[in-house]
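Okay, here's what each chain looks like letter by letter:
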Amino acid sequence: MSDYHIRLYQDSDYDRVRDLFAKGILEHTQVAFSHALTLPHIWIFMTGVFLLPLLASCSFIISVLSVFLVLAGLWLGTQYLYISYVKHALSDDLLDVKKYYLQRDGYCFWVAESAGEVVGTVAATPSFYPGGERHIELKRMSVAQSHRGKGIAKALCRTLIDFARKRGCEAVILGTSHSQRAAQILYEAMGFRLQSSEVIEHIFGKAVNFKVLTYRYDIPTNKL
């Protein structure tokens, strides 16, 4: 028997939901930073940053310091991508969760509760992707680190799929970043198929090859 249950969002969940979302997003900074360090053009750039001061000043210390400064800038830039996304969400749909998700047709917000504490979230909105008139978008999926591996994310995902099915929708659409590998594995295991992979339209995002992946789950139709 599971030690959690899924229910609709309540006003008393407000602070916990926002905190859970922010922490869940920001924890991906390290993965995205590590990915950036595997890119050939980043290594070429850092090599140049190391060699130029060395040739100009013959100082190994200055060269090493220059590389460290570049790495620090790379880390801060990667972190900025996630921080700016969190800030936007907290001032947009997560500013008034009840009004945004529970008082509009086609929207909904659920939480997973365990021992009186919210440990997971997921939200549904009408899809604004092209051709998505009969699609639901999965958003704000997050599970506390201490409660991962218990099937909570799958349960939340099934809840949203069931919501879409009851509304007569054809598919569920979602977007996730390339650094959220665990989420990709989950979605693919549940039958979602990768539709597209695009680098975001941001100068630093392009520099670190920051990709947004779009997945689609086709809701089976009941045939008599």
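Residues numbered from 1 in each chain as written. Predicted model: local features only at pLDDT ≥ 70, side-chain atom pairs only at ≥ 80, totals over all residues. Heavy atoms only, no water.

Per an unreviewed UniProt entry, the recorded name for the protein chain is Probable N-acetyltransferase camello, and the organism is Pelobates cultripes.

**Q** Got a minute to help me understand the overall build of the protein chain in this structure?
**A** Across its full length, the protein chain holds eight helices and seven strands. With respect to the three principal axes, the spread of C-alpha positions in the protein chain is 75 × 40 × 35 Å. Sorting the 224 residues of the protein chain into buried and exposed places 45% on the buried side. Sequence separation of 24 or more characterises 64% of the internal contacts of the protein chain that already satisfy a separation of 6 or more. Here the protein chain displays about 12,400 Å² of accessible surface, and carbon together with sulfur accounts for 61% of that area. (Helix = DSSP H or I, 4+ residues; strand = E, 2+ residues; numbered from the N terminus. Buried < 20%, exposed > 50% of the residue type's maximum accessible area, 1.4 Å probe, protein only. Contact = heavy atoms within 4.5 Å. Areas by Shrake-Rupley, 256 points an atom, 1.4 Å probe, with all protein chains shown as cover.)

**Q** Looking at this structure, how should I read the packing of helix α2 (residues 29–36) against helix α4 (residues 60–91)?
**A** The relative placement of two packed helices comes down to the angle between their axes together with the axis-to-axis distance. Running from N to C, α2 and α4 point in directions that differ by 130°, and their axes come no closer than 9 Å. In terms of orientation, α2 lies oblique with respect to α4. Considering the relative orientation of α2 and α4, their crossing is right-handed. For the pair formed by α2 and α4, the contact residues are Thr29, Gln30, Ala32, Phe33 and Ala36 on the first element and Leu71, Leu74, Trp75, Thr78, Gln79 and Tyr82 on the second. (Axes fitted to C-alpha atoms, helices over the stretch in contact; angles between N-to-C directions. Parallel < 35°, antiparallel > 145°, perpendicular 65-115°, else oblique. Left-handed = near helix turned anticlockwise from the far one by under 90°.)

**Q** Help me understand the pairing of strand β3 (residues 117–126), please; the structure alone is not making it clear to me.
**A** The two faces of a sheet get side chains in turn, since along a regular strand they alternate between them. Counting buried positions along β3 yields eight of ten residues, so the element is predominantly enclosed. The turn linking strand β2 (residues 108–114) back onto β3 is made up of two residues, and Ala115 within it adopts a positive phi angle of 55°. Note that β3 and strand β4 (residues 135–143) share six bridges and pair antiparallel. Within β4, the position partnered with Gly120 by the bridge is Val143. (Pairing = 2+ DSSP bridges.)

**Q** I'm lost on the nonpolar core in this one. Help?
**A** A general trend in soluble globular proteins is that nonpolar side chains are found buried together. Core analysis: the biggest nonpolar cluster contains 61 residues, and Phe109, Leu138, Val172, Tyr187 and Phe192 have the highest contact counts within it. In terms of residues, this core owes the most to one element, helix α6 (residues 152–166), which gives nine residues. In contact with Tyr187, not counting residues within four places along its chain, are Leu138, Met141, Cys157, Leu174 and Phe192. (Core = buried A, V, L, I, M, F, W, Y, C linked by side-chain atoms within 4.5 Å.)

**Q** Looking at this model, I keep getting lost on the UniProt feature "transmembrane region" (unreviewed entry) in the protein chain. Mind explaining?
**A** When the UniProt feature table is mapped onto this chain, "transmembrane region" (unreviewed entry) is found at residues 42–75. Annotated as residues 42–75, this span is 94% helix and 0% strand, and its ends, taken at the C-alpha atoms, are 13 Å apart. (UniProt positions renumbered as here; feature names shortened; annotations may be inferred.)

**Q** Is there a simple way to explain the pattern of salt bridges in this structure?
**A** The final tally for this structure, using the stated rule, is 16 salt bridges. Residue Asp3 pairs with Lys150 through a salt bridge whose shortest N-O separation is 3.7 Å. Of this pair, Asp3 sits in the segment before β1 (5–8) while Lys150 sits in the loop between β4 and α6; the two residues are 147 residues apart in sequence, bridging distant segments of the chain. Of the residues examined, Asp3 reaches a relative accessible area of 44% and is grouped as partly exposed. Here Asp218 ties to Arg193 by a salt bridge, and the two come within 2.3 Å at their closest N and O atoms. One end of the pair, Asp218, is in strand β7 (residues 211–218); the other, Arg193, is in strand β6 (residues 193–199), and 25 residues separate them in sequence. Among the residues examined, Arg193 registers a relative accessible area of 42% and is labelled partly exposed. What emerges from the salt-bridge pattern is a single network uniting Arg16, Asp19, Lys23 and Glu117. (Salt bridge = Lys/Arg side-chain N within 4 Å of Asp/Glu carboxyl O.)

**Q** Would you explain the side chain of His135 in this entry?
**A** Here His135 shows up in strand β4. By relative accessible area, which is 7% here, His135 ends up buried. Apart from residues no more than four positions distant in its own chain, His135 is found in contact with Thr125, Pro126, Ser127, Glu170, Ala171, Ile173 and Arg216.

**Q** Before we go on, may I ask you to explain a nonpolar patch on the surface in this structure?
**A** Taken together, the side chains of Leu65, Phe68 and Leu69 present a nonpolar region at the surface, about 340 Å² in accessible area. Tracing the chain through its elements places Leu69 in helix α4. Classification of Leu69 as exposed rests on a relative accessible area of 57%. (Patch = residues over 30% accessible without salt bridge, like charges linked within 9 Å, V, L, I, M, F, W, Y side chains within 5 Å.)

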